[in-house]
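Below are the chains, spelled out letter by letter.
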Amino acid sequence: MTWEAGADLVVVGSGVAGLTAALDAAAAGLRTVVVTKDGIGEGSTRWAQGGVAVVLGDIAGDSLEAHVADTLGAGGGLNELAAVDTVVRGGPDAVRRLRERGALFDARGARLERTREGGHSALRVVHAGGDATGAEIERALVEAARSEGLTVLDGHVAVDALRDAAGRVVGLSVLDGDGRAGMLRAPAVLLASGGYGQLYASTTNPATATGDGVALALRAGATASDLEFVQFHPTVLWSGPGSDTAGRRPLVTEAVRGEGAVLRDRTGYAFMAAVHERADLAPRDVVAAAITRRMIETGTDCVYLDATGLDGFARRFPTVHASCAAVGIDPATDPIPVTPAAHYACGGVVADTDGRTGVPGLYAAGEVARTGLHGANRLASNSLLEGLVVGERAVRAVLADRGLAALSAPVEPTPALPVADRTVVQRAMTTCAGIGRDATGLATASDAIEAATVTAAPVGRAGVEDAALTLLAQAVLTAAGTRRETRGCHVRTDFPDRDDVHQRASLPIRLDGSGRPMVVADALVGAA
Ligand code: SIN
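The structure reproduced in this document is the subject of the present report. (Residues numbered from 1 in each chain as written. Predicted model: local features only at pLDDT ≥ 70, side-chain atom pairs only at ≥ 80, totals over all residues. Heavy atoms only, no water.)

**What about the site of the ligand?**
At step 1: Taken together, Gln 49, Gly 50, Glu 117, His 233, Thr 253, Glu 254, Arg 284, His 343, Arg 378, Ala 380 and Ser 381 make up the full set of residues near the ligand.
At step 2: A distance of 2.7 Å separates an oxygen atom of the ligand from a polar atom in the backbone of Glu 254.
At step 3: Note that an oxygen atom of the ligand is positioned 2.7 Å from one of the side-chain N or O atoms of His 343.
At step 4: Starting from 260 Å² of accessible surface for the ligand in isolation, the protein chains cover 95%.
At step 5: When the residues that make up the shell around the ligand are grouped by side-chain class, the tally is 1 nonpolar, 6 polar and 4 charged. (Near = heavy atom within 4 Å. Polar contact = N/O pair within 3.5 Å; in protein donor to acceptor, adjacent residues only side chain to side chain. Areas by Shrake-Rupley, 256 points an atom, 1.4 Å probe, with all protein chains shown as cover. Nonpolar A, V, L, I, M, F, W, Y, C, P; charged D, E, K, R; others polar.)

**Let's talk about the environment of Ile 509**
At step 1: Position of Ile 509 relative to the elements: it lies in strand 25 (residues 508–511).
At step 2: Between the alpha carbons of Ile 509 and Arg 427 there is a distance of 23 Å; along the sequence they are 82 residues apart.
At step 3: Sequence-distant contacts of Ile 509, that is, excluding residues within four places in its chain, are made with Leu 218, Ala 222, Thr 223, Ala 224, Leu 227, Ala 475, Thr 478, Ala 479, Pro 517, Met 518 and Val 519. (Helix = DSSP H or I, 4+ residues; strand = E, 2+ residues; numbered from the N terminus. Contact = heavy atoms within 4.5 Å.)

**Focus on the pattern of salt bridges**
At step 1: Taken as a whole and assessed by the stated rule, the structure comprises 45 salt bridges.
At step 2: Between Asp 8 and Arg 402 there is a salt bridge, with the nearest N and O atoms lying 3.8 Å from each other. Pair noted here: Asp 8 is in the loop between strand 1 (3–6) and strand 2 (9–12) and Arg 402 is in the loop between helix 10 (383–401) and strand 23 (417–419), with a separation of 394 residues, a long-range link.
At step 3: Between Asp 70 and Arg 124 there is a salt bridge; the shortest N-O distance is 2.8 Å. Taken as a pair, Asp 70 in helix 2 (residues 64–74) and Arg 124 in the loop between strand 6 (111–112) and strand 7 (125–126) lie far apart in primary sequence, 54 residues in all. Residue Asp 70 shares its accessibility class with Arg 124, and that shared class is buried.
At step 4: Among the charged side chains, a network of salt bridges with common partners joins Lys 37, Asp 38, Asp 212, Arg 422, Arg 461, Glu 465 and Asp 466. (Salt bridge = Lys/Arg side-chain N within 4 Å of Asp/Glu carboxyl O. Buried < 20%, exposed > 50% of the residue type's maximum accessible area, 1.4 Å probe, protein only.)

**What to know about empty space enclosed by the protein**
At step 1: Tallied over the full model, the rule gives 2 cavities of 30 Å³ or more.
At step 2: Looking at the largest cavity, its volume works out to about 60 Å³.
At step 3: Contributing to the lining of the largest cavity are Val 230, Gln 231, Phe 232, Arg 284, Asp 285, Ala 288, Ala 289, Ile 435, Cys 489 and Val 491.
At step 4: Elements with a contribution of two residues or more to the lining of the largest cavity: strand 15 (230–237) and helix 7 (284–298). (1 Å grid on protein atoms, 1.4 Å probe; cavity = no way out; pocket = protein on both sides within 12 Å on 5 of 7 lines; lining within 4 Å. Points joined across faces, edges and corners; volume = space filled by probe spheres on them.)

**Quick notes on the nonpolar core**
At step 1: Membership of the largest hydrophobic core comes to 59 residues, with the highest contact counts inside it found for Leu 199 and Met 429.
At step 2: With 10 residues, the top contributor of residues to this core is helix 13 (residues 460–482).
At step 3: What Leu 199 contacts, discounting residues up to four positions off in sequence, is Val 425, Gln 426, Met 429, Leu 469, Leu 472, Ala 473 and Val 476.
At step 4: Of all hydrophobic cores here, the second largest spans 48 residues; its members include Val 11, Val 16, Ala 17 and Ala 25. (Core = buried A, V, L, I, M, F, W, Y, C linked by side-chain atoms within 4.5 Å.)

**Brief notes about the packing of helix 3 (residues 81–100) against helix 10**
At step 1: Where helix 3 contacts helix 10, the axes come no closer than 8 Å and their chain directions differ by 85°. Classified by the angle between their axes, helix 3 and helix 10 sit roughly perpendicular to one another. Judged by residue contacts, Thr 86, Val 87, Val 88, Gly 90, Gly 91, Ala 94, Val 95, Arg 97 and Leu 98 of helix 3 engage Leu 385, Glu 386, Leu 388, Val 389, Val 390, Glu 392 and Arg 393 from helix 10. (Axes fitted to C-alpha atoms, helices over the stretch in contact; angles between N-to-C directions. Parallel < 35°, antiparallel > 145°, perpendicular 65-115°, else oblique.)

**A word on the sheet that holds strand 10 (residues 169–175)**
At step 1: On the basis of which strands lie adjacent, the open sheet formed by 4 strands has the order 1-11-10-9 and mixed pairing. In the strand order of this sheet, the two ends are held by strand 1 and strand 9 (157–163), each with one partner. Pairwise comparison of adjacent strand axes, ignoring direction, gives a mean angle of 25° for this sheet.
At step 2: Across 4 bridges, the pairing between strand 1 and strand 11 (residues 181–185) is parallel. Counted as the bridge partner of Trp 3 is Gly 182 from strand 11.
At step 3: Across the sheet, helix 5 (residues 212–219) is in contact with strand 9 and strand 10; its angle to strand 9 comes to roughly 20°.
At step 4: Across the sheet, helix 13 lies against strand 9 and strand 10, angled at about 65° from strand 9, the strand it touches most. (Pairing = 2+ DSSP bridges.)

**Brief notes about the packing of aromatic side chains**
At step 1: Taken as a whole and assessed by the stated rule, the structure comprises 2 aromatic pairs.
At step 2: Pairing Tyr 200 with Phe 232 gives two aromatic rings, centres 5.2 Å apart and planes at 80°, and the pair type is edge-to-face. Taken together, the residues span a long stretch of sequence, with Tyr 200 in the loop between strand 12 (189–191) and strand 13 (202–203) and Phe 232 in strand 15 at a distance of 32 residues.
At step 3: Look at Phe 232 and you get buried, because its relative accessible area is 10%. (Phe/Tyr/Trp six-rings, centres within 6.5 Å; stacked < 30°, edge-to-face > 60°.)

In structure tokens form, the structure reads like this:
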């Protein structure tokens, strides 16, 4: 038996973008429901360590223009300047409002402390709890949500957008933990459901990051883009030979390098100085690719982050210190063994910086969205910033679009979807579509997933997630196979150079009539 309820706005996800939007929407008088797979606040936001990149005007030599330039510098020529400008310029006010909501950033007196991360030309990143910025932001937003009495449907997975005969989104279908179906009828659905790190066996992302939002949006007729640019974080803790490296891995924040730690190979050689002028603080794609090359060259499973020269490591980086201690490493005396792991989806559902996706009634904000801010490689600590700024702006768009169309009846969504076992998907993507891809490997991954795919109605949360991962894998492989160059996070070993003449453009992906991802024809022709 399917239950049905109504709202003005359904927000999918309860991280920084989702809760910021939901709180603003409720404050503006919209009947707002937050749908979240686990408990409120269980998504990726709480695991973010480094911080929020923001120019507050109190650091000599820094400016909004420098933050824009650094974002473009990291993004490999695919950022959209207007999006970068909007998000960077919206940062100071968004951070001020977040602090008014109760988030406590690390400060010395009245002045917020700053750190530096890869790709930043200035000390610009505000942080909380040392290296627990996401956890503090999530705490503040969850507390605000509770004190405001926000309606939260936890333990429910979003299945599909409900659409009327004209293709307009008119609500959301969901499943509860026992697989019971429900329908939320609403004129606006905001996806803020995070990324798809779980496509890979080893990731910094929690188990919730299965790409449900991107899959749902594609099925609703939206366009996705930049999906091939999966950012690998250069440094997650490697816990030793034979240890279980699958699932969510402990992050070693880039701020450790920002405050002086140096990457070394097993002989002690500090290899980043020869790779990039900013050495260990090069943009993240450069560092992750250099580590991968060094591991291959030296025949090792990890490199080492030498933080032994840093004072007060345990106080400044309590989360990293605790992860290291759990595997018997003391960063004060031992170099930290690290490897890259899947970390952030630079691409996603194409949306503008007001969250509009092009499908009436469907909005997207945060990691699920591709606004043009990140281009081919996200600048460190720009993601919490984007979630805050676009989360707020999306609610203003929902309010402005209200009443444009009457809410009509939904048509039946397609019940059966292609789905493969997620371990097959993760193995194929990890082996063939991580850092360093080539045509043969991408085709092998595609064939392996194809062979494991059946068409069936998803059963429960796991079924919905597996269907999303299957679709995302097909879409990432399609985009990665089409982009025959190396750019940002997309490293093609068979096309090692960047091709700005023919390929300086994003690849829009949509579903064809049979539900398979395809690159919209001639997308690279006449590239910017
Ligand atoms: C980190 O702390 O290194 C991660 C920050 C980010 O991904 O922006």
